[in-house]
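Given next are the chains, with one letter for each unit.
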Amino acid sequence: MYAQMVETGVDAVRTAADMGGDERAFQARIDADIRIEPKDWMPEAYRKTLIRQMSQHAHSEIVGMLPEGNWITRAPTLKRKAILMAKVQDEGGHGLYLYSAAETLGVSRDAMTADLLSGKAKYSSIFNYPTLTWADIGAIGWLVDGAAIMNQIPLCRCSFGPYARAMVRICKEESFHQRQGYDIMLSLARGTPGQKAMAQDALDRWWWPSLMMFGPSDAESVHSAQSAAWKIKLLSNDELRQRYVDQTVPQADHLGITMPDPDLAWNADRGHYDFGAIDWAEFHAVVRGNGPCNRDRLATRVKAWEDGGWVRDAAMAHADRRAARAAAAAA
Amino acid sequence: MDDDPILFQYLLRLGDSPLILAQQLGAWVGKGPALEEDIALTNVGLDLLGQARLWLTCAGEVEARLGGAGRSEDELAFTRDGGEFRNLLLVEQPNGSYADTMARQFLFDTWHLLALRALLPSRDARVAAIADKAAREVAYHVERSGDWVVRLGDGTPESHARMQAAIDGLWMYTGEMFVPDAVELALIDAGVAADVRALEAPWRRHVDAVLAEATLSVPQNGWMQGGGGRGGKQGVHTEHLGHLLAEMQFLQRAYPDAQW
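Being a predicted model, the structure only gives us computed values, none of them experimental. (Residues numbered from 1 in each chain as written. Chains lettered and ligands numbered in written order. Predicted model: local features only at pLDDT ≥ 70, side-chain atom pairs only at ≥ 80, totals over all residues. Heavy atoms only, no water.)

Draft legend 1. Representation of the overall build of chain B. A count of helices and strands for chain B gives 10 helices and zero strands. Listing every helix and strand of chain B by position from the N terminus yields α-α-α-α-α-α-α-α-α-α. The C-alpha radius of gyration computed for chain B amounts to 18 Å, which stays within 12% of the reference 18 Å derived for 260 residues, consistent with globular compactness. Here the C-alpha coordinates of chain B stretch approximately 60 × 45 × 30 Å along the principal axes. Counting all 260 residues of chain B, 58% fall into the buried class. Sequence separation of at least 24 residues holds for 79% of the intrachain contacts in chain B that already meet a minimum separation of 6. Total accessible area on chain B is roughly 9,900 Å²; 54% of this is exposed by carbon and sulfur atoms. (Helix = DSSP H or I, 4+ residues; strand = E, 2+ residues; numbered from the N terminus. Rg over C-alpha atoms; globule rule 2.2 N^0.38 Å. Buried < 20%, exposed > 50% of the residue type's maximum accessible area, 1.4 Å probe, protein only. Contact = heavy atoms within 4.5 Å. Areas by Shrake-Rupley, 256 points an atom, 1.4 Å probe, with all protein chains shown as cover.)

Right, dumping it as structure tokens:
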């Protein structure tokens, strides 16, 4: 979920005829479902694509702390406040694992952070939407984490070892978060008319952006085939999106709130829900930086980084001085 | 010991300081100077929030046994006005920069651990049990915030100046921590409350040692706010608390009939 439209740097899927001996051996390992580890030989395009995908995923965790963090100080009960703080903290932890996993490919966390802050690196489009009410915190847990899990469970089997192992750990926590989000929605749906309206409004605003999290439709998805051959993308965008819709519609029914899609209907022949057309113009506008919160999200990250500069410098200066004193004492 | 109206007041004092400080730390989430710090500071906030919930729940139970409203932790947190809060003035001071936040944390944590340990022999078993759980968590908080005072004090010229200014600015809010009023005195006599008068010397020893290691000076101005029974423990606050509560209490105030 958290990585959309990841470039592979190749125009067409590499065939055996394009490949040298190392690359053929590499592809054979992948085809045999043998994990690639950081010290193994890998094509440069594979390494670069993974760095893009994993850093985008990590940035999404970090930027994703902001829309939910927006409600920590206003959470309606102490228990909900504690759960939300712990959840946002978990996201910071996911960011850390993913940056660490990406670092095994030879890129530093500082370099990845610089790319995020300069606007060069992307993060998931979903976090450029605002959290306007408490119900949005429920909707993010239910829908956004739900979509994330849908995307990340297959990645637990992806070809790159450190990424796959990070995903196993992250998925466990995400499913816990999703249940907490759904629990918020349940309490609102069973609450006062005002609370129920709040829940419906949140669903109206988050449903379509959550469908966009899976990225463009397969026909438009130019880089997916190579990523699939490398097994860093195991199911197509449209397959994942369909699974997500099929899973989520009954959950909305259980809440007694209505999906904002008049075309949504069960299709008995396909055994799936049909759903309406996604507004891809909106998606591309958000990806290009024109979502409601792109500017605010990036500005908040930049400010946190800049405000923290003197703190990081002081910690380094102190560590250096302490090391020098220890060395002097040992001499 | 029997439940007593002053015990209710005392429990609010124990719960409100961690509650307000947890609320302040919650505002840092996602905005820390480094990812590891963000995570660690949130841990401290979560500990304090958990402690506040135990104290406030206990306060509500005492209130019920006294024939009062028996308010829940949420009713106590979200529906009292500023003048009914009993937290220390120190914890309601603004987050400011990381130096301000860490100085506030260090001055409070050092007192907090001493106060909790002084509650371990309390004749009220509930008080002793909560203090025991909290003290284990706060022992780590004291280490962490002291470490940051040293790093920033003995860091760069800029961080040194910021940390010194932070300590200087907050110093006047530390006096009330050691001055008991009638509520505390009665409970000290009954063997329930911590005798905060005895905490000042060990607090100063630890603070002086950390400031010395941090190459910082102990503030010279000895004027303390909140004296004469007109401080945070008596519900006389600084302007900051009202704004903090307005944000924290918004949903419960806007939807008073709702369950969340």
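Moving on, there is more to tell.
Draft legend 2. Region of the structure containing helix α7 (residues 182–189) of chain B. Residues and elements named next belong to chain B. Every buried residue of α7 is accounted for by V183, E184, L187 and I188. Taken down its axis, α7 places every buried residue within 125 degrees of arc, on the same side. Looking at α7, the residues exposed on the side facing more than 90 degrees away from the buried face are A182 and D189. Of the surrounding elements, those touching the buried residues of α7 are α1 (5–26). G191 sits one or two residues past α7 and shows a positive phi near 80 degrees. (Arc of directions from axis to C-beta.)

Draft legend 3. Representation of unusual backbone geometry within the structure. All names here are of chain A. Located in the positive-phi region is D33, a residue other than glycine, with phi close to 60 degrees. Even without a glycine there, the phi angle at K231 is positive, about 55 degrees. Among the secondary structure elements, K231 is positioned in the loop between α8 (224–229) and α9 (237–255).

Draft legend 4. Spotlight on the nonpolar core. In terms of nonpolar packing, the biggest core is built from 179 residues, with A:Y46, A:W134, B:W111 and B:M163 touching the most fellow members. The element best represented in this core is helix α2 (residues 35–65) of chain B, accounting for 13 residues. Once you skip the residues sitting within four places of it in the chain, B:W111 turns out to touch B:L88, B:M177, B:F178, B:V196, B:L199 and B:W203. (Core = buried A, V, L, I, M, F, W, Y, C linked by side-chain atoms within 4.5 Å.)

Draft legend 5. Examining the packing of helix α5 (residues 134–155) of chain A against helix α7 (residues 193–212) of chain A more closely. All names here are of chain A. Relative orientation of the contacting elements α5 and α7 amounts to 35 degrees, with a least axis distance of 9 Å. In the packing of α5 onto α7, the handedness of the crossing is right-handed. Note on element contacts: α7 touches α5 through M198, A199, A202, L203, R205, W206, W207 and S210, opposite W134, A135, D136, A139, I140, W142, L143, V144 and A147. Grouping the constituent residues of the contact of α5 with α7 by class yields 14 nonpolar, one polar and two charged. (Axes fitted to C-alpha atoms, helices over the stretch in contact; angles between N-to-C directions. Left-handed = near helix turned anticlockwise from the far one by under 90°. Nonpolar A, V, L, I, M, F, W, Y, C, P; charged D, E, K, R; others polar.)

Draft legend 6. Region of the structure containing the interface of chain A and chain B. Listed per partner, the contact involves 46 residues of chain A and 49 residues of chain B. Roughly 3,900 Å² is buried in total at the junction of chain A and chain B, and carbon and sulfur atoms are behind 67% of that figure. The interface formed by chain A and chain B includes four salt bridges. Summed over the shared surface of chain A and chain B, the number is 17 residue pairs in polar contact (both at pLDDT 80 or more). Broken down by secondary-structure element, the contributors of at least two residues to the side of chain A that touches chain B are α2 (44–69), α3 (78–103), α6 (161–189), α7, α11 (294–307) and α12 (309–330) of chain A. Considering every element that reaches the side of chain A that touches chain B, the biggest residue donor is α3(A), with 14 residues. Among the residues making up the side of chain A that touches chain B, the classes are represented as 23 nonpolar, 12 polar and 11 charged. (Buried area = accessible area lost by both parts, 1.4 Å probe. Salt bridge = Lys/Arg side-chain N within 4 Å of Asp/Glu carboxyl O. Polar contact = N/O pair within 3.5 Å; in protein donor to acceptor, adjacent residues only side chain to side chain.)

Draft legend 7. Molecular detail of the environment of A:T131. Residue and element names in this part refer to chain A. Locating T131 in the fold gives a position in the loop between α4 (109–118) and α5. In this structure, the C-alpha to C-alpha distance between T131 and E68, residues 63 residues apart in sequence, is 7.2 Å. Excluding residues within four positions of it along the chain, T131 makes contact with P67, N70, W71, D136, I137, I140, W206 and R297. Within the structure, T131 has its side chain in polar contact with the side chain of N70 (distance 2.9 Å).

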